[in-house]
Amino acid sequence: MTSSETPSTPTTSTTNDDDSWQGGRVGIWLIGARGSIGTVVAVGLHAMLAELAPPTGCTTAGEAFADVPLPAFGDLVIGGHDVTTTPLRERAQLMVDSGMLAHRYLAGTEDALARTDAEIRPGYDRAHHTGTQAEAVRRMAADITEFRDRHDLSSVVVIDVSSTEPIPEDHVEYHDTALLAAALDDPARPLLPSSSIAALAAIESGSAYACFTPSAGMSVPALRALAAERGIAFAGQDGKTGETLLRTALAPMFVARGMRVLSWTGSNILGGGDGATLADPEAVRSKLATKTRGLVSLVGDHVVAPLHIDNVPDLGDLKTAWDHIHAEGFLSSRITMQTIWSAYDSMLAAPLVLDIARLLSLAAADGHRGVVPELGFFFKDPWGSDVHDLSQQAAALDDWAHAAGARVRAGAQSQVTPV
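Each chain has its residues counted from 1, following the order in which its sequence is written. Only residues with pLDDT of 70 or above have their local features reported here, since the model is predicted, and side-chain atom pairs are shown and tallied only from 80 upward, although totals for entire chains, interfaces and linings are computed over all residues. Derived side-chain values reflect all non-hydrogen atoms in the structure, with water molecules and hydrogen atoms excluded from consideration.

### Points about the side chain of Thr116
The condition is simple: Note on conventions: DSSP H or I runs of at least 4 residues are helices, E runs of at least 2 residues are strands, and numbering of each starts at the N terminus. The term polar contact refers here to a pair of N or O atoms within 3.5 Å; inside protein, the definition further demands a hydrogen-donor-capable atom paired with an acceptor-capable atom, and it admits residues adjacent in sequence only when both atoms are side-chain atoms. Throughout, a contact is declared for two residues whenever any of their heavy atoms are within 4.5 Å.
Tracing the backbone shows Thr116 in helix 4 (residues 110-117). A distance of 2.8 Å separates polar atoms of two side chains, one belonging to Thr116 and the other to His46. The residues contacting Thr116, other than those within four sequence positions of it, are Ala42, His46, Ile78 and Leu88.

Below is the structure:
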């Protein structure tokens, strides 16, 4: 991409003006880097850099963010943790074979995918780990730190895109950093779920963090307190990619027009790794909770909102969501609306991962400490915010990004302005 491109082209903000972003190169460290989302993130980023594809679907590539100082896509370097050893190229080939990914994107990025695959380290597997959880955190944090130093990165953003975990039981240690530290040193007490081990590794490595899944991650209160204390910017939870995105756009319409939504029924069918994971009744509970909470917040807790997620293996990564909405209008008249949303969920998620990485880099450069509620625009169950209305979230994100960008730009200018 060159600076000669006109502002109206889709690639306008794939690079920023020379004086816009002074933060250097940024690492994206993916938890679950060889999964469907991680693979599409890698293929997509390298395809854009090779000028094989525009940044379609990236919010931060739009005109609204053209004057916000963000790292260019060319400034991003991908690494990560994963418990699987299947190479990215092999995973991408499976996506090509299924019709999900065009062959030209794999053919044009194979060398870059190999380099990215070499940056992926073994993740934490609670079922097979020997030793203490503290040791696992130190190993994972060292992996992230070594990645940052080896590539001379100014910062790293850790983003969890791994499989959904069951909701963990609460423990007193989750609310006390000292008690939690003691438990982590006890090999007989693997207290934290894998997602929270990854979140703690992000904190220990001084990296910003986002949870793109409904797993626990940084939702453990002691970890949040530690992140704020260490000056770590973080955001979550559970990426808002399809059905919930549509719900948070449509539900405010009914409310604004004074219509009373009586029921909102949803049914999701999908296959692939996510379908298999969500076939587990315990794992699906956390997903159902995040998908329903926003709807109830928008239309009221009176709404009847049954929601089903079913594994249909032959569908692969193609997800279809069907919603039936029943509302009451003037003089108790019946209003019915049905929607069908069908898409490859990983294709919807990947550009959001790139957006979140760029924006959390901005938050880190701005010195933000703790949760960034304005990034709730990207999540089903946003941490630090009770706002679920998509238009309100978009406005809040825009305002925050421009304000943070102005502070970062002013700080950079003050460092080069003679006294």
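### Overview of unusual backbone geometry
Short version of the rule: Only protein chains enter the area calculation, which uses a 1.4 Å probe; residues under 20% of their type maximum are buried, those over 50% are exposed, and those in between are partly exposed.
At the junction of Gly236 and Gln237, the peptide bond is cis and its omega measures out at 20° in the coordinates. Within the element layout of this structure, Gln237 appears in the loop between strand 6 (233-236) and helix 9 (243-256). Backbone geometry at Asp152 places phi at a positive 55°, although glycine is not the residue there. Note that Asp152 resides in the loop between helix 5 (133-150) and strand 4 (155-160). By relative accessible area, which is 66% here, Asp152 ends up exposed. Positive phi outside glycine occurs at Ser332, with the angle close to 60°. In this fold, Ser332 is placed in the loop between strand 9 (318-328) and strand 10 (334-344).

### Some thoughts on the pattern of salt bridges
Inclusion rule: The working definition used for a salt bridge is a side-chain nitrogen of Lys or Arg within 4 Å of a carboxyl oxygen of Asp or Glu.
The tally for this structure, following the rule as stated, stands at 14 salt bridges. Between Lys291 and Glu243 there is a salt bridge, with its nearest N and O atoms 2.8 Å apart. Taken together, the positions of Lys291 in helix 11 (residues 281-299) and Glu243 in helix 9 put the pair 48 residues apart, joining distant regions of the chain. A relative accessible area of 5% means that Glu243 is categorised as buried. We note a salt bridge from Asp366 to Arg407, for which the minimum N-O separation is 2.7 Å. In this pair, Asp366 sits in the loop between helix 12 (345-365) and strand 11 (370-371) while Arg407 sits in helix 13 (residues 390-416), placing the two residues 41 residues apart along the sequence. Salt bridges sharing partners connect three or more residues here, namely Glu243, Arg247, Lys291 and Asp323.

### Section: helix 12
Basically, it comes down to this: Multiply 1.5 Å by the residue count of a helix minus one, and that product is the helix's expected span.
The terminal C-alpha atoms of helix 12, which comprises 21 residues, lie 31 Å apart, in line with the 30 Å expected from a rise of 1.5 Å per residue. For helix 12, the buried fraction is high: 17 of the 21 residues fall into the buried class. Where helix 12 terminates, the next one or two residues include Gly367, which has phi positive at roughly 75°.

### Some thoughts on the packing of aromatic side chains
As a reminder, the rule being used: For Phe, Tyr and Trp, rings pair up if their centres lie within 6.5 Å, where Trp contributes its six-membered ring, and each pair is then called stacked (planes under 30 degrees apart), edge-to-face (over 60) or tilted (otherwise).
Per the stated rule, a full pass over the model turns up five aromatic pairs. Seen from their ring centres, Phe212 and Phe379 are 6.4 Å apart, and the 65° between their planes marks the pair as edge-to-face. You can see Phe212 sitting in the loop between strand 5 (208-211) and helix 8 (221-230) and its partner Phe379 sitting in the loop between strand 11 and helix 13, a full 167 residues away along the chain. The pair Phe212 / Phe379 is uniform in exposure class, with both members buried. Look at Phe234 and Trp383: their rings are 5.9 Å apart centre to centre, the planes differ by 70°, and that puts the pair in the edge-to-face class.

### A short note on helix 7 (residues 194-204)
Among the 11 residues of helix 7, nine are classified as buried, and the element is accordingly described as predominantly covered. Listed as buried for helix 7 are Ser195, Ser196, Ile197, Ala198, Ala199, Leu200, Ala201, Ala202 and Ile203. On its buried side, helix 7 packs onto strand 1 (26-31), helix 5, strand 4, helix 6 (177-184), strand 5 and helix 8. Downstream of helix 7 by a residue or two, Gly206 has a phi angle that is positive, lying close to 75°.

Shape descriptors only; they carry no functional weight alone.
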